[in-house]
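# Structural features, examined
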Amino acid sequence: MTEDTPLKIALVGPTYPFRGGISHYTTLLYRHLRRRHAVDFFAFSRQYPRWLFPGTTDRDTSGAALREPGSQPVLDSLNPLSWFKVARMIAAGDYDVLIIPWWVAFWAPQFWTIARWTRRFSGTRVLFLCHNVVAHETSPLSAALTRSVLRQGDCFLVHSGTDEQNLQAIRPQAPVRRCFHPTYDVFDADMPQADDLRRQLGLSGRVLLFFGFVREYKGLKVLLQALPEVAAKMDVTLLVVGEFWKDKQDYLDEIARLGLSERVMIIDRYIPNEEVNAYFSSADLVVQPYLSATGSGVVQTAFGFGKPVVATRVGSLPEVISDGQTGYLVPPADPGALAAAILRFFEEERGAAFSAQILAEKERFSWDHLVAAIEELARSEP
């Protein structure tokens, strides 16, 4: 096989009609891979059981849904017969490489079955694309399931140094490539726009954006604790945009305790694709005060809109955010440092310079780099 020979690729994972960052990622990966290779996309017909999903639905209700034609919705997470069906289809397909995303241990039985069958009954290389080697909120059982599944892989792709270290602890000799999470630049629908949204919400002054599912590890409480210091020096509003995983009342109590009712606006729902533009465009600064992380699709969505980010030094965030050029980095769980970085951004009026640098670094986060890393792993010697 030469470097110019197109690969035959099997891809497993979520896509439309399912929503969320992994679905968007896998759909965009499929789009970019199939520009150069023959790709069969074995997608989910059912993803999570209803009791496991904390939001209103796992279906994408966007009017401008991100979709790519050609996927086969054949994998039912709750039906083992479908796991074996997919495994047999892949084993019989004479593929060069099977790509499986990995992010939480719920997928262990399904992905173990497919990977194990593929390795046993075909010469297809199994590549795990690890969004999280270790889940954010893990347990001994999920750690054991993770080890069991990842031992079925021939090669691996990760997005952070932290995940590379975690993976090497499980598979010390396995081929691993680290590649930045590519930028999401597809949320460009034109309704509503920033000025419209600011008017609708009654926003004035500076606007901070905390975007995505609200979960404990994302550090929203730290941001709330930092906000009074910022608000004492400038007119600022924090937009918290996304569904709460659980314990919303804890956050409402913290907002009340800190006297922030006039400074915090909560949009507690999943944001359809056509509205993502409006929230990011309305913000002056995106804030990610994570307590722990490996990678983040929110950073790459922010960069897709040219928006600077203040984030913590956890996971891949220091590898992605150029401190003092495209945003600021602060220690985790430090409200004082977080407040100081936010104030510095506005007081030094760094918005235009940071946005220009984000544009200058765009190529560093291209999908072409990710495709090239997959090609290298697929063609490497076992």
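Keep in mind it's a predicted model, so treat the numbers as computed, not measured.

For the pair helix H2 (residues 80-91) and helix H3 (residues 108-121), the least separation of the axes is 9 Å and the interaxial angle reads 30°. The angle between H2 and H3 places the two elements in the roughly parallel class. Judged by the twist between their axes, the crossing of H2 over H3 is right-handed. Taken together, the residues of H3 that come into contact with H2 (itself represented by Trp83, Phe84, Val86, Ala87, Arg88, Ile90 and Ala91) are Pro109, Gln110, Thr113, Ile114, Trp117, Thr118 and Phe121. In the contact of H2 with H3, the residues fall into 10 nonpolar, three polar and one charged.

Time to look at the sheet that holds strand E13 (residues 327-330). One key point about sheets: their strands pair by backbone hydrogen bonds, in either a parallel or an antiparallel sense. Pairing within the open sheet is parallel, and its six strands lie in the order E10-E9-E8-E11-E12-E13. With one partner strand each, in any of the chains shown, strand E10 (264-267) and E13 form the two edges of the open sheet. On average, each strand axis in the sheet is tilted by 20° relative to the strand beside it, whichever way the strands run. Both strand E11 (residues 285-288) and strand E12 (residues 309-312) contribute to a ladder of three bridges, which runs parallel. If you follow Val287 over to E12, its bridge partner there is Val310. Packing against the sheet, helix H7 (residues 220-231) makes contact with strand E8 (206-211), strand E9 (236-241), E10 and E11, and its axis sits at approximately 165° to E9.

Each assigned domain of the chain is listed here: domain 1 (8-182 + 366-379) and domain 2 (186-364). When each unit is reduced to the centre of its C-alpha atoms, the spacing between domain 1 and domain 2 is 29 Å. Linking domain 1 with domain 2 are two salt bridges. Note that Arg178 and Glu319 form a salt bridge whose closest N and O atoms lie 3.0 Å from each other. Counting the contacts that link domain 1 with domain 2 gives nine residue pairs in polar contact (both at pLDDT 80 or more). Elements supplying a minimum of two residues to the side of domain 1 that touches domain 2: helix H1 (21-33) and helix H5 (161-170). Taken together, the residues of the side of domain 1 that touches domain 2 sort by class into eight nonpolar, 16 polar and six charged.

With that out of the way, let us pick up the pairing of E9. On a regular strand, each side chain points to the face opposite its neighbour's, so the side chains alternate between the two faces of the sheet. For E9, the tally of buried residues reaches six of six residues, placing the bulk of the element in the interior. Of the two faces of E9, the one carrying Val236, Leu238 and Val240 and the one carrying Thr237, Leu239 and Val241 are both buried. In terms of strand pairing, E8 meets E9 through six bridges, oriented parallel. Considered in E9, the bridge of Leu209 is made with Leu239. Each parallel crossover has a hand, and for E8 linked through H7 to E9 it is right-handed. Relative to E10, E9 is paired through four bridges, and the arrangement is parallel. Bridge pairing links Val240 to Ile266 in E10. Following the chain from E9 across helix H8 (residues 248-257) to the adjacent parallel E10, one finds a crossover that is right-handed.

Quick notes on the rules
Residues numbered from 1 in each chain as written. Predicted model: local features only at pLDDT ≥ 70, side-chain atom pairs only at ≥ 80, totals over all residues. Heavy atoms only, no water. Axes fitted to C-alpha atoms, helices over the stretch in contact; angles between N-to-C directions. Helix = DSSP H or I, 4+ residues; strand = E, 2+ residues; numbered from the N terminus. Parallel < 35°, antiparallel > 145°, perpendicular 65-115°, else oblique. Left-handed = near helix turned anticlockwise from the far one by under 90°. Contact = heavy atoms within 4.5 Å. Nonpolar A, V, L, I, M, F, W, Y, C, P; charged D, E, K, R; others polar. Pairing = 2+ DSSP bridges. Domains from an automatic or database assignment. Salt bridge = Lys/Arg side-chain N within 4 Å of Asp/Glu carboxyl O. Polar contact = N/O pair within 3.5 Å; in protein donor to acceptor, adjacent residues only side chain to side chain. Buried < 20%, exposed > 50% of the residue type's maximum accessible area, 1.4 Å probe, protein only. Right-handed = clockwise from strand over helix to strand, strands pointing away.

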